[in-house]
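One letter stands for each residue in the lines below.
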Amino acid sequence: MSITQAREILKHQFGYDSFRLEQEAVIEAVLAKKDCVVLMPTGGGKSLCYQIPAMIFDGLTVVVSPLIALMKDQVDALKANGVEAAFINSTQTVSEQTAVIRSVRNGQTKLLYVAPERLASGIDRFLDFLKEIDVSLFAIDEAHCISSWGHDFRPDYMQLGVLKREFPGVPLIALTATADTLVRKDIFERLNITHADLFISSFNRPNIFYSVEPKRNSYDQLLKYLRNRKDESGIIYCLSRASVDSLAEDLRDEGFSALPYHAGLDKETRDRHQESFLKDETKIVVATIAFGMGIDKSNVRFVVHMDLPKNIESYYQETGRAGRDGLASEALLFFSWADVIKLKKFAQVDGNAEQSAIMLKKLDQMGEFGDLRSCRRRFLLRYFSENLSENCGNCDNCTTAVETFDGTIIAQKALSAVARTGQRFGIAYLVDFLRGSTAAKIRDEHKNLKTYGVGADISKDNWFDYFKDLLAQGFLVQNDGDFPTIALSETSMDVLAGRTKVQLNKAREKASERASVETVAEHPHIPELFESLRTLRATMARGENVPPYVVFSDVTLIEMATYLPQTADQMLRISGVGDVKFDKYGADFLNEIRNYCSRNNLASRIDLKSRRRERKVRPKRGQNGRDTYQTSLDMFRSGMSPREIAKEREIGLSTVENHLTKFIATGEVLLNDLVALEKVPTIRKAIVECSDSQALSPIKEKLGDDYSYGEIRAVIAWLDAGLDSRSASPSVV
Ligand code: ADP
Ligand code: ZN
């Protein structure tokens, strides 16, 4: 039993090149029969942590999973990779259950998925049955369900402590995406694994773009947003069932493919809607939070919150359902303080002051997030006790370079509106007042004031932003309470008297107007081919009655449409193509790609994919290649520039750069021979940001014309050789 075996399985059965996050460490611990608690973000790849050991162990791995509805999909996905898996639950007939039991007894089934109640309540003396067979591992998925501090408490989970008591020698692995310390403590204690190893992976989801928009005209904003994302899958969360129903209907009227999902619908309808979404037949699900737990749909491109989630944990978990395939995805929240106030009314837990206080605090933090003007990812990760050393560059606050302008006059108008109306009103009223609204709510006596209507030339949205800005800069203050009012601050007079100038942030671009996520830009794939591969995938999935991602994920299809594999070997190098899937689907997909290529006169581009694999390759000694590399090196050492060498040898400049790059690892060429040092940090940052992609072109695109492929390759070689000693600055060169 070794990690080498695990790597083989990763490659051949699942078709992946390398482990992610803590996967490898976890698998090693499990193989050593240690109990483990694994905290990994949604989409991080928790399943492989027990699936791979399950295939290595001799006996059975029992997986406890809370959602019966998902078991079939999970098992189907495993079978598609040639893993013998089964599930047993109350939706099956007696004879189906008997067949499963038989396949477990004769050792055919390696992984068995069960619901917690089967273990807890002893349905069919299930524990006795397990004792008769050889159990190698217990895996508890969604382990946070064991804690009432969590957001998904399930009483049945409380009984799972029985496993460690009854099977003390069988290792147990508990997995969750919730990192809360109280929840964590409950997992260790209630499962009786207080000595378990803890594995925490970074909760960062770098491919998710976080943005927040003010909750005003949110429906119109949403429509615009969705029109920019026509063919993409997404989830839209609302607080109430009624708003779910009406929003889904409205969206359908607008021509969107949208279905509702909430606990008030009957089970059959819910299952049907979920199924249709998983199969990509429906693009959008409008849902209450009842939807999504454990949803393994990897290509959800956006998650929208129409209403405020109750706490950061829920928000993070819900938004985490976007982009599990690692491609660029978005999380959009429509935020208003009114939502915070509304939720606070529900947050009071009768007779439990302590719990109420926790809930209220969590709501305030949610509010803080909504109002944040700095990097959202840093805030979120800090919440989960992680520190990001730099701003992320992939949230609304990071990407909207805040340009400022002299807003002294605007500030004076705003401040004087506050003063003249007696410091007793909220922002909404003040904005209407400034814009000269004729609405009834504006008091008659205010309509005679000099400031009434002086801000009619500025839009409502912009006024709101300016007020927030003035608050943030301390030129105004907000009084807390159910209806926050605005008052002057100590510095207000200086502004009104013209003694202080005020810089305001320029209004920002709205998310609904931003172009859709360009998943394409990251991977320069051929969209047309991608489309036909998608169609082929749909056909095959229908034939086998499984969701499309069970055949291949979007990432896998995009790789195919990028690298255009032409042979079996090349196909097997595509991420997500393991041996079994290759046998099943490889020929059909190869066919499709070959046909497309011959029609369009295209050749394989699989060599673009070799960057990672070749990273440790040193210049080959004693072969022909050595000579040509060495020649370039010798000429370089004699003082010729790469361009001169290229000319002299009548080969391309990039070839020469390539030759020289190979000697970075050996120290015979220095990085600053090939790249100006001040360019290194920028190049390096782009490389890190594009680390999901095997191709160089996304990096090049990011950097633009001032940077060459040769420079990029040189920095990659330098990083791969470990010469940067992982420090943040290149001063070590
Ligand atoms: P989680 O349960 O943590 O939310 P999953 O186990 O469902 O996440 O994995 C999410 C996706 O990532 C799946 O499509 C899975 O096949 C894929 N995946 C997992 N591990 C790897 C890996 N090492 N390399 C590439 N893809 C992976
Ligand atoms: Zn950021």
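Analysis parameters
- Numbering of residues begins from 1 in every chain and follows the order in which that chain's sequence is written.
- The naming scheme follows written order: chains are lettered A onward, ligands numbered 1 onward.
- Totals for whole chains, interfaces and linings use all residues, but because this is a predicted model, local features are given only for residues with pLDDT of at least 70 and pairs of side-chain atoms are given and counted only at 80 or more.
- Excluding hydrogens and water, the side-chain values take into account all heavy atoms of the structure.
- In DSSP terms, a helix is any run of H or I states spanning at least four residues, a strand is any run of E spanning at least two, and both are numbered starting from the N terminus.
- Atoms counted for the radius of gyration: C-alpha only. Globule rule: 2.2 Å times the number of residues to the power 0.38.
- Each residue gets one of three labels from its accessible area relative to the maximum for its type: buried under 20%, exposed over 50%, partly exposed in between, using a 1.4 Å probe on protein chains only.
- We call two residues in contact whenever any of their non-hydrogen atoms come within 4.5 Å of each other.
- Positive charges come from Lys and Arg alone, negative charges from Asp and Glu alone, with His and the N- and C-terminal ends not counted.
- The location of each charge is read from NZ of Lys, CZ of Arg, CG of Asp or CD of Glu.
- Whether a residue is near a molecule or strand depends on its heavy atoms: it is near if one of them lies within 4 Å of it.
- What qualifies as a polar contact is a pair of N or O atoms within 3.5 Å, subject to a donor-acceptor requirement within protein and to the restriction that residues adjacent in sequence count only when both atoms come from side chains.
- Residue burial considers only the protein chains on display, and all accessible areas are found by Shrake-Rupley using a 1.4 Å probe.
- Any two strands with at least two DSSP bridges between them are considered paired.
- A fitted line through C-alpha atoms represents every axis, and for helices the fit uses only the stretch in contact; the resulting angles, taken between N-to-C directions, go from 0 to 180 degrees.
- Only Phe, Tyr and Trp rings are paired, with Trp represented by its six-membered ring, and only when their centres lie within 6.5 Å; those with planes under 30 degrees apart are stacked, over 60 edge-to-face, the remainder tilted.
- To form a nonpolar core, buried Ala, Val, Leu, Ile, Met, Phe, Trp, Tyr and Cys residues must be joined to one another through side-chain atoms within 4.5 Å.
- Segmentation of the chain into domains, including their bounds, is taken from an automatic or database domain assignment.
- Ligating atoms shown are N, O and S within 2.8 Å of the metal, or 3.2 Å for Na, K and Ca, and water is not included, meaning a site may look less than complete.
- Angle categories are assigned with fixed cut-offs, so that under 35 degrees is roughly parallel, over 145 is roughly antiparallel, 65 to 115 is roughly perpendicular, and the rest are oblique.
- Throughout, a crossing is termed right-handed when the near helix is turned clockwise from the far one, and left-handed when it is turned anticlockwise from it by less than a right angle.
- In this classification, the charged set is Asp, Glu, Lys and Arg, the nonpolar set is Ala, Val, Leu, Ile, Met, Phe, Trp, Tyr, Cys and Pro, and all remaining amino acids, among them Gly, are polar.

**Some words on the overall build of the protein**
A count of helical and extended segments in the protein gives 36 helices and 17 strands. What you see for the protein is a C-alpha radius of gyration of 29 Å, in line with the 27 Å of a compact globule of 733 residues. Within the protein, buried positions represent 54% of all 733 residues. Put simply, 72% of the contacts in the protein that link residues at least 6 apart link residues at least 24 apart. Positive and negative side-chain charges in the protein, numbering 96 and 101 respectively, have mean positions lying 1 Å apart.

**Comments concerning the site of ligand 1**
As a structural note, the neighbourhood of ligand 1 is formed by 15 residues, with Tyr16, Gly43, Lys46, Ser47 and Arg324 the closest of them. Between ligand 1 and Gly44, the relevant distance is 3.4 Å, taken from an oxygen atom to a main-chain nitrogen or oxygen of the residue. In this structure, an oxygen atom belonging to ligand 1 sits 3.0 Å away from a main-chain N or O atom of Gly45. Compared with its free state, where it exposes 570 Å², ligand 1 has 84% of that area covered by protein. Take the shell around ligand 1: its biggest share by element is three residues, from helix H3 (residues 46-56).

**Quick look at the sheet that holds strand S8 (residues 208-214)**
Pairing is parallel in the open sheet, where six strands are placed in the order S8-S13-S12-S9-S11-S10. The open sheet has two edge strands with one neighbour each: S8 and strand S10 (258-261). In this sheet, neighbouring strand axes are inclined to one another by 15° on average, regardless of whether the strands run parallel or antiparallel. Bridge count between strand S9 (residues 233-237) and strand S12 (residues 300-305): five bridges; the pairing is parallel. Residue pairing in the sheet places Ile236 in a bridge with Val304 of S12. Set on the sheet, helix H14 (residues 312-319) makes contact with S8, S9, S12 and strand S13 (329-335); between it and S12 the angle comes to about 150°.

**Let's talk about the packing of aromatic side chains**
What the rule picks out here adds up to 18 aromatic pairs. Here the aromatic rings of Phe138 and Phe167 are separated by 5.1 Å at their centres, their planes lie at 65°, and the arrangement is edge-to-face. In this pair, Phe138 is assigned in strand S5 (residues 135-140) and Phe167 in the loop between helix H9 (161-166) and strand S6 (172-176), connecting sequence segments 29 residues apart. Summarising the burial analysis for this pair, Phe138 and Phe167 share the class buried.

**Quick word on the side chain of Glu559**
Mapped onto the fold, Glu559 is located in helix H27 (residues 554-563). Residue class for Glu559 comes out buried when judged on its relative accessible area of 6%. At a separation of 3.0 Å, a polar atom in the side chain of Glu559 contacts the main-chain amide nitrogen of Ser575.

**Digging into the nonpolar core**
Judged by nonpolar contacts, the single largest core of 72 residues is most densely connected at Leu130 and Ile140. Two domains each put at least three residues into this core: domain 1 (3-200) and domain 2 (208-399). Within the second largest apolar cluster, 37 residues are counted, among which are Met40, Ile56, Leu111 and Leu175.

**Points about the pairing of S6**
Most of S6 is tucked away, with five of its five residues classed as buried. Residue alternation in S6 divides its side chains into two sets, Leu172, Ala174 and Thr176 and Ile173 and Leu175, and both sets are buried. Two elements, strand S1 (residues 36-39) and S6, share four bridges in a ladder whose sense is parallel. Considered in S6, the bridge of Leu39 is made with Thr176. The pairing of S5 with S6 spans three bridges and is parallel. Across the sheet, residue Ile140 finds its bridge partner in S6, namely Ala174.

**Some words on the environment of Glu189**
Looking at the secondary structure, you find Glu189 in helix H10 (residues 181-190). With relative accessibility at 41%, the residue Glu189 sits in the partly exposed group. For the pair formed by Glu189 and Ile146, sequence separation is 43 residues and the distance between their alpha carbons is 10.0 Å.

**Considerations on the coordination of the zinc ion (ligand 2)**
Of the protein atoms, only Cys375 (SG), Cys392 (SG), Cys395 (SG) and Cys398 (SG) coordinate the zinc ion (ligand 2), at distances of 2.3 to 2.4 Å. As a motif over one chain, the donors of the zinc ion (ligand 2) read C-x16-C-x2-C-x2-C. Here the residue Cys375 occupies a position in the loop between helix H16 (353-371) and helix H17 (376-383), and Cys395 occupies one in the loop between H17 and helix H18 (396-399), the gap between them amounting to 20 residues.

**Some thoughts on the packing of helix H11 (residues 218-227) against helix H12 (residues 241-253)**
H12 packs onto H11 with a crossing angle of 50° between their chain directions and a minimal axis gap of 12 Å. In this view, H11 runs oblique relative to H12, as classed from their interaxial angle. For the pair H11 and H12, the sense of crossing is right-handed. Residues Tyr219, Leu222, Leu223 and Leu226 of H11 touch H12, and the partners they reach there are Leu247, Asp250 and Leu251. For the contact of H11 with H12, the class distribution of residues is six nonpolar, no polar and one charged.

**Things to note about the sheet that holds strand S2 (residues 60-64)**
What the seven strands build is an open sheet, ordered S3-S4-S2-S5-S6-S1-S7; its pairing is parallel. Taken across any chain shown, the strands that pair with only one partner, and hence form the sheet edges, are strand S3 (85-88) and strand S7 (197-200). On average, adjacent strands in this sheet sit at an angle of 20° to one another, irrespective of strand direction. Relative to S7, S1 runs parallel, the two being bridged by four bridges. Its bridge partner being in S7, Leu39 is matched across the sheet by Ile200. The sheet contacts of H3 involve S2, strand S4 (111-114), S5 and S6, and relative to S6 the element is tilted by about 160°. Sheet contacts for helix H5 (residues 94-105): S2, S3 and S4; angle to S3, the most-contacted strand, approximately 135°.

**Concerning the domain arrangement of the protein**
For the protein, the assigned domains read domain 1 (3-200), domain 2 (208-399), domain 3 (404-505) and domain 4 (520-626). Computed over C-alpha atoms only, the centres of domain 1 and domain 3 are separated by 57 Å.

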